[in-house]
Amino acid sequence: MANSRKSLVGTVAAEPEPIDLDWSSTALVIIDMQRDFMEPGGFGETLGNDVSRLARAVKPIAAVLSAARAMGMLVVHTREGHLPDLSDAPPAKVERGAPSLRIGDPGPMGRILIRGEAGHDIIPALYPLDSEIVIDKPGKGAFYATELSDVLQKYGIENLLVCGVTTEVCVNTTVREANDRGYRCVVLSDGCASYFPEFHEMGLKMIKAQGGIFGWVSDSAAVLKAMASETSHTLAAGASR
Ligand code: C5J
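Just so it is clear, the structure is predicted and the values come from calculations on it, not from any experiment.

S.K.: Requested: an account of helix α9 (residues 220–228), with residues and values cited.
M.R.: Among all positions of α9, only Ser 220, Ala 222, Val 223, Ala 226 and Met 227 are buried. Axial view of α9: buried residues confined to an arc of 165 degrees, hence all on one face. Away from the buried face of α9 by more than 90 degrees, exposed residues Ala 221, Lys 225 and Ala 228 are located.

Okay, here's the thing in structure tokens:
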């Protein structure tokens, strides 16, 4: 028994230092890869952002998602958005700034950042399988007002591979929340993106500074390498999930 557990561990090259991950207690968490943030006409663009800056994260995430599915790793997708009556959208969020369209206004992909609308959905390249978990969140962090803690506890998860958008907003907030709850977070630098390249860089630096104050920073190539060496063992773990 002790041997089979050890065989699930992979060493991921990361900063500030490599980390050993037991794949059976690791989940891939993909933050807010939604049309509202990624495509023209959505929430991100209404705020004045160049949404093309986020496209760079799609291929690295797709590669890790494919490997995670092959291993039977728990995959969690998150979506930021609100109920159609906006009862879960604080006025302070809805009223903020001077967007061209506000949360709940009709846009080219349906009402902006509203659950069930086309813009709220995850982009086709990373679309969840029916078997995967989708967490709908009203805030920036994936733990706030969601069932994520319960889900991770149910599956015995201790480590999170985190990617998605945007690096300094929902990815950072979720990593901070997860860190306070005791999870080891490994953030994929090329699997995250920001409308502001300098915020992307600083967002990653903040995670790995001070000996990894919030977690580790790695990239898709390093994670894929560590996963590849254990695929045959982890397939068996996935089958029993
Ligand atoms: C933002 C997010 N940027 N998913 N949300 O408002 O980062």
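S.K.: So, the sheet that holds strand β9 (residues 184–193): which residues are in play, and what are the values?
M.R.: Judged by pairing direction, the sheet is parallel, and its six strands sit side by side in the order β7-β4-β3-β8-β9-β10 without closing on themselves. Of all the strands in the sheet, just β7 (133–137) and β10 (216–218) have a single pairing partner and so form its edges. Along the sheet, successive strands turn relative to each other by an average axial angle of 25 degrees, direction set aside. Both β9 and β10 contribute to a ladder of three bridges, which runs parallel. Along β10, the bridge assignment pairs Val 187 with Val 217. Across the sheet, helix α7 (residues 167–180) touches β3 (26–31), β4 (74–80), β7, β8 (159–165) and β9, and the angle it forms with β8 is around 165 degrees. On the sheet, helix α8 (residues 197–212) packs against β9 and β10 and is oriented at approximately 165 degrees with respect to β9.

S.K.: Requested: an account of the site of the ligand, with residues and values cited.
M.R.: The environment of the ligand is formed by Asp 32, Phe 37, Phe 43, Glu 80, Lys 140, Val 165, Thr 166, Val 169 and Cys 170. Here a nitrogen atom of the ligand and a backbone polar atom of Val 165 are 3.1 Å apart. Taken by itself the ligand offers 230 Å² of open surface, and the protein chains cover 92% of this. Considering only residue class, the shell around the ligand consists of five nonpolar, one polar and three charged.

S.K.: Explain the environment of Pro 91 to me, and be specific about the residues and the numbers.
M.R.: Structurally, Pro 91 is set in helix α5 (residues 91–94). With a relative accessible area of 54%, Pro 91 lands in the exposed category. As for Pro 91 and Leu 152, which are separated by 61 residues in sequence, their C-alpha atoms are 30 Å apart.

S.K.: Any details on the packing of helix α4 (residues 58–71) against α9? Residues and values, ideally.
M.R.: For the pair α4 and α9, the least separation of the axes is 10 Å and the interaxial angle reads 15 degrees. The angle between the axes of α4 and α9 places the two elements in the roughly parallel class. Viewed along their axes, α4 and α9 form a crossing whose handedness is left-handed. Along the contact surface, α4 presents Pro 60, Ala 63, Val 64, Ala 67, Ala 68 and Met 71, while α9 presents Ser 220, Val 223, Leu 224 and Met 227. Residue composition of the contact of α4 with α9, by class: nine nonpolar, one polar and no charged.

S.K.: Which residues make up α8, and what are the values?
M.R.: Taking 1.5 Å of rise per residue, 16 residues should cover 22 Å, and α8 covers 21 Å from first to last C-alpha, within 8% of that figure. Considering bend angle alone, the principal kink of α8 is centred on Lys 205 and spans about 35 degrees. Within the sequence span of α8, burial applies to His 200, Gly 203, Leu 204, Ile 207 and Gly 212.

S.K.: Explain the pairing of β8 to me, using residue names and the numbers behind them.
M.R.: A large share of β8 lies buried, amounting to seven of its seven residues. Residues of β8 alternate between two faces, with Asn 159, Leu 161, Cys 163 and Val 165 on one and Leu 160, Val 162 and Gly 164 on the opposite face, all of them buried. Of the strand pairs in this sheet, β8 and β9 are connected by six bridges, and their pairing is parallel. Residue pairing across strands places Leu 161 opposite Val 186, the latter belonging to β9. Between β8 and its parallel partner β9, the chain crosses via α7, and the hand of that crossover is right-handed.

S.K.: Go over the state of the cysteines with me, naming the residues and quoting the values.
M.R.: On inspection of all chains with the given rule, the structure shows zero disulfides. Between Cys 192, a free cysteine, and Cys 163, which holds the nearest cysteine sulfur, the sulfur-to-sulfur gap is 6.3 Å. Looking at Cys 192, the relative accessible area reads 0%, which means it is buried.

S.K.: Now, about the side chain of Asp 22: what can you tell me, with residues and values included?
M.R.: Turning to its location among the elements, Asp 22 is positioned in strand β2 (residues 19–22). A relative accessible area of 10% places Asp 22 in the buried class. Separated by 2.7 Å, the side chains of Asp 22 and Ser 24 make a polar contact.

Criteria and cut-off values
- Residue numbers restart at each chain and count upward from 1, following the sequence in its written direction.
- Under the rules for a predicted model, residues below a pLDDT of 70 receive no local features and side-chain atom pairs below 80 are neither given nor counted, while totals for whole chains, interfaces and linings still include all residues.
- Think of the side-chain values as coming from all heavy atoms in the structure, minus any hydrogens and water.
- Exposure classes here rest on a 1.4 Å probe applied to the protein chains alone. A residue is buried below 20% of its type maximum, exposed above 50%, and partly exposed in between.
- Only DSSP runs of H or I with at least four residues qualify as helices, and only runs of E with at least two residues qualify as strands; both kinds are numbered from the N terminus onward.
- To obtain the arc, one takes the directions from the helix axis to the C-beta atoms.
- Strands qualify as paired when DSSP identifies two bridges or more between them.
- Between N-to-C directions, angles span 0 to 180 degrees; the directions come from axes that are lines fitted to C-alpha atoms, helices contributing only their stretch in contact.
- Pairs of residues are marked as contacts when any of their non-hydrogen atoms sit within 4.5 Å.
- One heavy atom suffices: a residue is near a molecule or strand as soon as one of its heavy atoms comes within 4 Å of it.
- Counted as a polar contact is a pair of N or O atoms within 3.5 Å, where, for protein atoms, one must be capable of donating a hydrogen and the other of accepting one, and residues adjacent in sequence contribute only when both atoms are in side chains.
- Throughout, the Shrake-Rupley method with a 1.4 Å probe supplies accessible areas, and for residues the shown protein chains are the sole cover considered.
- Nonpolar residues are Ala, Val, Leu, Ile, Met, Phe, Trp, Tyr, Cys and Pro. Charged residues are Asp, Glu, Lys and Arg, and all others, Gly as well, are polar.
- Roughly parallel means an angle under 35 degrees; roughly antiparallel, over 145; roughly perpendicular, 65 to 115; everything else is oblique.
- In this scheme the crossing of two helices becomes right-handed for a clockwise turn of the near helix relative to the far one and left-handed for an anticlockwise turn of less than a right angle.
- Under the convention used throughout, the expected extent of a helix is 1.5 Å for every residue step, that is, one less than its residue count.
- For a residue, the bend is simply the angle between two axes, fitted respectively to the seven-residue segment ending there and the seven-residue segment starting there.
- Viewed with both strands pointing away, a crossover whose connecting path from the first strand over the helix to the second turns clockwise is right-handed.
- Cysteine sulfurs are considered disulfide-paired once they come within 2.5 Å of each other.

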